[in-house]
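# Structural overview for review
Listed here are the chains, written in short residue letters.
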Amino acid sequence: MSYHQFITVRMSGAMRAELDQLVASRRTDIGKLVRELIARELHAAPDRIGEALGQLLFVAIALDELLAAHADPNLRATVIRLWRDATSEEGRFHAA
(Lines give C-alpha, C1' and ligand atoms only; values in the text may rest on other atoms or scores of the structure.)
Protein backbone atom coordinates (compact mmCIF):
# COMPACT_ATOMS: atom_id res chain seq x y z
CA MET A 1 0.00 0.00 0.00
CA SER A 2 1.29 3.44 -0.84
CA TYR A 3 1.15 6.20 1.75
CA HIS A 4 1.27 9.87 0.79
CA GLN A 5 0.10 11.78 3.85
CA PHE A 6 2.55 12.87 6.53
CA ILE A 7 1.97 13.73 10.19
CA THR A 8 4.63 15.37 12.33
CA VAL A 9 4.64 14.69 16.05
CA ARG A 10 6.78 16.41 18.65
CA MET A 11 7.92 14.45 21.70
CA SER A 12 10.55 14.54 24.38
CA GLY A 13 13.81 12.66 24.03
CA ALA A 14 12.70 10.28 26.76
CA MET A 15 9.45 9.48 24.95
CA ARG A 16 11.35 8.95 21.70
CA ALA A 17 13.71 6.55 23.46
CA GLU A 18 10.72 4.60 24.84
CA LEU A 19 9.14 4.55 21.38
CA ASP A 20 12.38 3.26 19.85
CA GLN A 21 12.51 0.48 22.47
CA LEU A 22 8.90 -0.48 21.81
CA VAL A 23 9.46 -0.56 18.05
CA ALA A 24 12.55 -2.71 18.47
CA SER A 25 10.77 -5.12 20.83
CA ARG A 26 7.99 -5.58 18.27
CA ARG A 27 10.40 -5.83 15.35
CA THR A 28 8.62 -3.15 13.37
CA ASP A 29 9.17 0.49 12.50
CA ILE A 30 7.71 3.71 13.86
CA GLY A 31 5.47 4.32 10.85
CA LYS A 32 3.83 0.90 11.03
CA LEU A 33 3.35 1.15 14.78
CA VAL A 34 1.79 4.62 14.58
CA ARG A 35 -0.54 3.56 11.74
CA GLU A 36 -1.68 0.55 13.83
CA LEU A 37 -2.29 2.75 16.88
CA ILE A 38 -4.28 5.29 14.86
CA ALA A 39 -6.33 2.58 13.13
CA ARG A 40 -7.10 0.95 16.47
CA GLU A 41 -8.30 4.26 17.93
CA LEU A 42 -10.37 5.13 14.85
CA HIS A 43 -12.20 1.80 14.91
CA ALA A 44 -12.52 1.33 18.65
CA ALA A 45 -15.38 2.10 21.00
CA PRO A 46 -15.39 5.77 21.97
CA ASP A 47 -14.41 5.22 25.61
CA ARG A 48 -13.25 1.66 26.26
CA ILE A 49 -11.49 2.51 29.50
CA GLY A 50 -14.44 4.43 30.94
CA GLU A 51 -16.81 1.65 29.97
CA ALA A 52 -14.54 -1.00 31.49
CA LEU A 53 -14.21 0.97 34.73
CA GLY A 54 -17.98 1.34 34.93
CA GLN A 55 -18.43 -2.40 34.50
CA LEU A 56 -15.73 -3.11 37.06
CA LEU A 57 -17.43 -0.78 39.55
CA PHE A 58 -20.72 -2.64 39.03
CA VAL A 59 -19.01 -5.98 39.66
CA ALA A 60 -17.28 -4.64 42.79
CA ILE A 61 -20.54 -3.29 44.23
CA ALA A 62 -22.43 -6.49 43.40
CA LEU A 63 -19.73 -8.68 44.96
CA ASP A 64 -19.59 -6.49 48.07
CA GLU A 65 -23.36 -6.79 48.51
CA LEU A 66 -23.24 -10.56 48.03
CA LEU A 67 -20.47 -10.90 50.59
CA ALA A 68 -22.34 -8.66 53.04
CA ALA A 69 -25.54 -10.73 52.64
CA HIS A 70 -23.80 -14.09 53.14
CA ALA A 71 -24.78 -16.21 56.15
CA ASP A 72 -21.28 -15.84 57.61
CA PRO A 73 -21.08 -12.20 58.79
CA ASN A 74 -17.26 -12.35 58.78
CA LEU A 75 -16.93 -13.50 55.17
CA ARG A 76 -16.62 -9.99 53.70
CA ALA A 77 -13.91 -8.98 56.17
CA THR A 78 -12.06 -12.25 55.55
CA VAL A 79 -12.13 -11.82 51.77
CA ILE A 80 -10.89 -8.21 52.02
CA ARG A 81 -8.08 -9.25 54.37
CA LEU A 82 -6.99 -12.06 52.04
CA TRP A 83 -7.14 -9.68 49.05
CA ARG A 84 -5.04 -7.06 50.87
CA ASP A 85 -2.50 -9.68 51.88
CA ALA A 86 -2.20 -10.98 48.32
CA THR A 87 -1.93 -7.54 46.72
CA SER A 88 0.59 -6.27 49.27
CA GLU A 89 2.83 -9.24 48.48
CA GLU A 90 2.68 -8.30 44.81
CA GLY A 91 3.43 -4.64 45.54
CA ARG A 92 0.05 -3.46 44.28
CA PHE A 93 -2.18 -0.82 45.80
CA HIS A 94 -5.69 -1.61 46.99
CA ALA A 95 -8.83 0.46 47.33
CA ALA A 96 -10.95 -1.33 49.94
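Residues numbered from 1 in each chain as written. Predicted model: local features only at pLDDT ≥ 70, side-chain atom pairs only at ≥ 80, totals over all residues. Heavy atoms only, no water.

## Points about the overall build of the protein
Heads up, the rule is: In this description a helix means any DSSP run of H or I spanning at least four residues, a strand means any run of E spanning at least two, and both kinds are numbered starting from the N terminus. When we talk radius of gyration, it's over C-alpha atoms, and the globule rule is simply 2.2 Å times the number of residues to the 0.38. Exposure categories follow from relative accessible area, calculated using a 1.4 Å probe and restricted to protein chains: below 20% of the type maximum is buried, above 50% is exposed, and the middle band is partly exposed. Throughout, the Shrake-Rupley method with a 1.4 Å probe supplies accessible areas, and for residues the shown protein chains are the sole cover considered. In this tally, Asp and Glu contribute negative charge and Lys and Arg positive charge; neither His nor the terminal groups of the chain are included. In this description, the location of a charge corresponds to atom NZ of lysine, CZ of arginine, CG of aspartate or CD of glutamate.
The helix and strand tally for the protein stands at 4 helices and 0 strands. For the protein, the α and β elements follow one another from N to C terminus as α-α-α-α. Over its C-alpha trace the protein gives a radius of gyration of 22 Å, far above what one expects of a compact globule, namely 12 Å for 96 residues. Each principal axis of the C-alpha atoms in the protein carries an extent, and together these give about 65 × 30 × 20 Å. Each of the 96 residues in the protein was classed as buried or not, and the buried ones make up 6%. Carbon and sulfur atoms form 61% of the exposed surface of the protein, whose accessible area is close to 8700 Å². Within the protein, one finds 12 positive and 13 negative side-chain charges whose respective centroids are separated by 9 Å.

## As for unusual backbone geometry
The backbone of Arg-27 shows a phi angle near 50°, a positive value even though the residue is not glycine. With respect to the helices and strands, Arg-27 occurs in the loop between helix H1 (13-25) and helix H2 (30-42).

## Considering H2
What counts, and what does not: By definition here, a helix of n residues has an expected span of 1.5 Å times n minus one. Polar contact is the term for a pair of N or O atoms within 3.5 Å; when the atoms are in protein, one must be able to donate a hydrogen and the other to accept it, and sequence-neighboring residues count only if both atoms are side-chain atoms.
Between its terminal C-alpha atoms H2 stretches 18 Å, which fits the 18 Å expected from 13 residues at 1.5 Å a residue. With a side-chain oxygen lying 3.0 Å from the backbone nitrogen of Gly-31, the N-terminal cap of H2 falls on Asp-29.

## Things to note about the confidence of the model for the protein
The test is simple: Across the chain, each position has a pLDDT score giving the predictor's confidence in that residue, from 0 to 100.
Confidence in the prediction for the protein averages 87 pLDDT; 92% of positions are at 70 or higher. Mean pLDDT values over the elements of the protein span from 88, in helix H4 (residues 75-89), up to 96, in H1.

## Quick word on the pattern of salt bridges
Cut-off, in case you're wondering: We count a salt bridge whenever a side-chain nitrogen from Lys or Arg sits within 4 Å of a carboxyl oxygen from Asp or Glu.
Under the criterion given, the structure shown has 3 salt bridges. With a shortest N-O distance of 3.0 Å, Asp-20 and Arg-16 are connected by a salt bridge. With a gap of 4 residues between them, Asp-20 and Arg-16 both fall in helix H1, about one helical turn apart. On the accessibility criterion, Asp-20 (35% relative accessible area) is partly exposed.

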